[in-house]
Amino acid sequence: MFDEGLFALIGQGLLETLYMTLISTLMAYVIGLPVGMFLAVTDKEGIRPMPTVNRIVGGIVNILRSVPFVILLVAIMPFTRFITGAAIGSTATIVPLVIAAAPFVARLVESSAKEVDRGVVEASLSMGASTLEVVWKVLLPEAKPSLIVGAAIATTTILGYTTMSGFTGGGGLGTIAINYGYYRSQTDMMLVMVVVLVIIVQIFQEIGTFIANKCDKRIR
Amino acid sequence: MKDIPTIEIRELNKTFGTAENQVVALDNINISICRGEIFGIIGLSGAGKSTLVRCINLLERPTTGSVIFEGVDITNFTDQELRKVRQSIGMIFQSFNLLMQRTAMDNICFPLEIAGVSRKEAVQRARELLETVGLAEKENAYPAQLSGGQKQRVAIARALATNPKVLLCDEATSALDPTTTQSILSLLKELNQKLGVTIIIITHEMKVIEQICNRVAIIDNSRIEEVGPVDEVFRHPKTLAAKKLIFPKGDFSEPLTGNGKYLRLVFEGNSADRPIIANMVLQCGAPVSIVFANTKNIDGHVFGHMVIKLPDDEEVSRRILTYLELEKISYSEEKNYV
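Within each chain, residues carry numbers counting from 1 in the order of the written sequence. Here chains are named by letter from A upward and ligands by number from 1 upward, in the order in which they appear as written. Owing to the predicted nature of the model, reporting of local features is limited to residues with pLDDT of at least 70; listing and counting of side-chain atom pairs is limited to 80 or more, with chain, interface and lining totals taken over all residues. Excluded from the side-chain calculations are hydrogens and water; all other atoms, namely the structure's heavy atoms, are used.

Let us now look at the overall build of chain A. Working definition: helices are DSSP H or I runs of at least four residues, strands are E runs of at least two. Numbering for both runs from the N terminus. Per the secondary structure count, chain A includes 9 helices and 0 strands. Counting from the amino terminus, helix and strand elements in chain A follow one another as α-α-α-α-α-α-α-α-α. Overall size of chain A, expressed as C-alpha extent along the three principal axes, is 65 × 45 × 25 Å. Looking at chain A as a whole, 49% of its 220 residues qualify as buried. Taking the intrachain contacts of chain A between residues at least 6 apart in sequence as the baseline, contacts between residues at least 24 apart amount to 72%. All accessibility values rest on the Shrake-Rupley procedure with a 1.4 Å probe; residue burial counts only the protein chains present in the view. Only carbon and sulfur atoms are counted for the fraction: they give 69% of the accessible area of chain A, which is about 10,900 Å². Counting 15 positive and 14 negative side-chain charges, chain A places the averaged centre of each group 7 Å from the other. Exposed residues in this analysis have more than 50% of their type's maximum accessible area, buried residues have under 20%, and partly exposed residues fall in between, with area computed by a 1.4 Å probe over protein chains only. Here, residues are in contact when the closest pair of their heavy atoms is within 4.5 Å. The charge count includes Lys and Arg as positive and Asp and Glu as negative, but it does not include His or the ends of the chains. Here the site of a charge means NZ on Lys, CZ on Arg, CG on Asp, or CD on Glu.

Residue and element names in this part refer to chain B. Mapped onto the elements of the fold, Thr103 is located in the loop between strand 6 (89-93) and helix 3 (104-114). Exposure remark for Thr103: the relative accessible area of 9% places this residue in the buried category. Setting aside chain neighbours within four positions, we find Thr103 in contact with Glu139, Asn140, Ala141 and Tyr142.

This part takes up the pattern of salt bridges. Put simply, a salt bridge is a Lys or Arg side-chain nitrogen that is within 4 Å of an Asp or Glu carboxyl oxygen. Applying the stated criterion to the full structure yields 21 salt bridges over all chains. Among the ionic pairs, Glu113(B) bridges to Lys137(A), the shortest N-O distance being 2.8 Å. Placement of the pair is Glu113(B) in helix 3 and Lys137(A) in helix 7 (residues 131-164), with the two residues belonging to separate chains. Relative accessible area serves as the criterion here: at 25%, Glu113(B) is assigned to the partly exposed category. Residue Lys137(A) is classed as partly exposed on the basis of its relative accessible area of 23%. Across the salt bridge formed by Arg218(A) and Asp216(A), the nearest N and O atoms sit 3.0 Å from each other. Three or more residues joined by partner-sharing salt bridges are found here, namely Asp43(A), Arg107(A), Glu110(A) and Lys114(A).

Turning to the environment of Glu122(A), a few remarks are in order. Residue position: Glu122(A) is located in helix 6 (residues 118-126). Glu122(A) sits in the buried class, given a relative accessible area of 16%. On a C-alpha basis, the gap between Glu122(A) and Phe69(A) in space is 40 Å, while along the polypeptide they are 53 residues apart. Among residues more than four places away in sequence, those in contact with Glu122(A) are Arg54(B), Leu59(B) and Phe93(B).

This part is about the interface of chain B and chain A. Counting residues at the interface gives 24 residues for chain B and 24 residues for chain A. Note on terms: buried area is the combined drop in 1.4 Å-probe accessible area of two parts once they are placed together, counting the loss on both. If you sort the residues of chain B by the area they bury against chain A, Arg83(B), Gln101(B) and Ile114(B) come out on top, with a joint share of 28%. Our enumeration of links across chain B and chain A arrives at 3 salt bridges. Listed by contribution, the elements that provide at least two residues to the side of chain B that touches chain A are helix 2 (79-86), strand 6 and helix 3 of chain B.

Once that is clear, we can look at the packing of aromatic side chains. Residue and element names in this part refer to chain A. Aromatic rings from Phe, Tyr and Trp, taking only the six-membered ring of Trp, are treated as a pair when their centres fall within 6.5 Å; an angle between ring planes under 30 degrees marks them as stacked, one over 60 as edge-to-face, and anything in between as tilted. Within this structure, the stated rule accounts for 3 aromatic pairs over all chains. Considering the side-chain rings of Phe167 and Tyr182, the 6.0 Å spacing of their centres and the 80 degrees angle between planes classify their relative orientation as edge-to-face. Separated by 15 residues along the polypeptide, Phe167 in the loop between helix 7 and helix 8 (172-183) and Tyr182 in helix 8 bring together distant segments of the chain. The partly exposed category is assigned to Phe167, whose relative accessible area is 46%. Residue Tyr182 is classed as exposed on the basis of its relative accessible area, which comes to 52%. Plain terms: the ring middles of Tyr182 and Tyr183 are 5.1 Å apart, the flat faces sit at 65 degrees to each other, and that makes the pair edge-to-face. Classification of Tyr183 as exposed rests on a relative accessible area of 51%. Put simply, the rings of Phe167, Tyr182 and Tyr183 touch in pairs and so form one group of aromatic residues. Of note, Arg184 hangs over the ring of Tyr180, and the distance from its end group to the ring centre comes to 4.5 Å. Two thresholds decide whether a charge sits over a ring: the Lys NZ or Arg CZ must be within 6 Å of the ring centre and within 35 degrees of the ring normal.

Turning our eyes to something else, we now look at a nonpolar patch on the surface. Put simply, a patch holds well-exposed residues, over 30% relative accessible area, that have no salt bridge, with like charges counted together within 9 Å and Val, Leu, Ile, Met, Phe, Trp or Tyr side chains within 5 Å. A cluster of nonpolar residues, Val195(A), Ile199(A), Ile203(A), Ile207(A), Phe210(A) and Ile211(A), forms a patch on the protein surface that exposes about 570 Å² of accessible area. Looking at the secondary structure, you find Val195(A) in helix 9 (residues 187-215).

This part covers the sheet that holds strand 3 (residues 38-42) of chain B. Residues and elements named next belong to chain B. Any two strands are treated as partners once DSSP identifies two or more bridges connecting them. Reading across from one edge, 6-7-8-3-9-10 is the order of the 6 strands in this open sheet, with mixed pairing throughout. Strand pairing shows two members of the sheet lacking a second neighbour, strand 6 and strand 10 (223-229), which therefore form its edges. Sheet twist, expressed as the mean angle between neighbouring strand axes with direction ignored, is 15 degrees. As judged from the 6 bridges shared by strand 9 (residues 215-220) and strand 10, these two strands associate in the antiparallel manner. Pairing of Ala217 across the sheet is with Val227, part of strand 10. To get an axis, fit a line to the C-alpha atoms, keeping to the stretch in contact for a helix; angles then go from 0 to 180 degrees between the N-to-C directions.

It is worth spelling out the pairing of strand 2 (residues 23-34) of chain B at this point. Residues and elements named next belong to chain B. Relative to strand 2, strand 1 (residues 5-16) runs antiparallel, the two being bridged by 8 bridges. The partner of Ile9 across the bridge, within strand 2, is Ile31. The hairpin turn running from strand 1 into strand 2, its antiparallel successor, is 6 residues long, and Gly17 in that turn takes a positive phi close to 90 degrees.

The next point concerns the state of the cysteines. All names here are of chain B. When the sulfur atoms of two cysteines come within 2.5 Å, that pair is taken as a disulfide. Evaluation of the coordinates by the stated rule reveals 0 disulfides over all chains. Among the cysteines around Cys169, which has no disulfide bond, Cys213 carries the closest sulfur, lying 9.0 Å off. Residue classification places Cys169 among the buried positions, given a relative accessible area of 1%.

So, in structure tokens, the structure goes:
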């Protein structure tokens, strides 16, 4: 079983998985970071409370988060085809991945921003900082370690999602595991993919924790 | 004392909560704070003092009433106008509230960044300020590497970076040990004298007021009960709230029951050194019982404080009062509370 073909297969799958994971995470943050900050700032305890808007945006986030990824994957296929021109393959999978991950990222960012000491925010307001300055100069930098830990969690979660896209021919390690392990009942193949996935998750998690600790000036 | 008010608070009220479930935090506050003075606001926790200080820079918007800064009513300023004003009102806090991911230097540069000062100028100003607060060598230290006192020094430097006219101190020494408290208070006094910055101190500790304030306002139950020069308020506290604060808990917490008249005496300056009570007892030929006695040091003056129970004999009582008047001892009669 462990021949050159297998390694090529794993290599190919690994690249596809990393491609989907990293691009989706990046795009999920492009959407989720501002949305999360907006949720934190407009919260009733935030620096610019907007209860109604906050509830509407929060509601949309909750609805998107409560749709199981496998269902979302299938449900939005026409939309995916409209955006990427295809409904299968790694690039196509990025569309549902981003839609599923962005609200999750928004909640992670929101909770990191809310961890920032209220007193520090108040101090910066007392110095005449505007809402935008508080976000840029206080909330983001002060929450940085927590945001990085959150990013590691988001990346590993999205990695998990990519494997589900195996059922719709999304490509990557998930597709290999399903095609070989599920449809052809090659359990050993499935196990190999699981081991590779476990290793990648570990690496992402370790990198995240390392960077978060490295940049956190509260420690030492 | 200079008589142009830097800050004037007029008929200020603040309520929290909904119409049917209203909490009054501040009730008709009127205070006028002069340029260059150190003004203390003392009260027990929950009295409303933190809300009051936040109304001064309008971090908390008053429900009614106005705040006048340097002769201009700022109560209805727009956010943008307020941000400008806040650069002239520095603030320090009980928990320091430094940016944990920035060095001491960059913390001090922070308000200057907001004010649009160039990085080069900001760094230069921050160095001066670090020097002023005695932390020149801690330029690159992060707050986590500093002690409580050092953090408060950085916070003071940060609050002064934009050359504010007023410095608000919200329980600034409450998280510090007694020695560090002393050093922070002396620093504040020094800055007040050197820079002429008006300082408003919120505290629950009488010691802080005694040590550096010129005038004090006593806040209790959302109201200002008493305002005046510190030694005067100390010598003749008129209200129950003032007495409770001036006499630490336990000494005066129980109203006296039973009949009889009580006298509260205050000795000041040299009279604290003379055997007043001993002479009084000898001259009037009447024993008195001492209910309470204490001394305090305010602004370098020693004050003695004593509560005695007068004898039931009216004649003797009268003689005692005459004696006290002759000796120029200020006294007041106390009825249900000593």
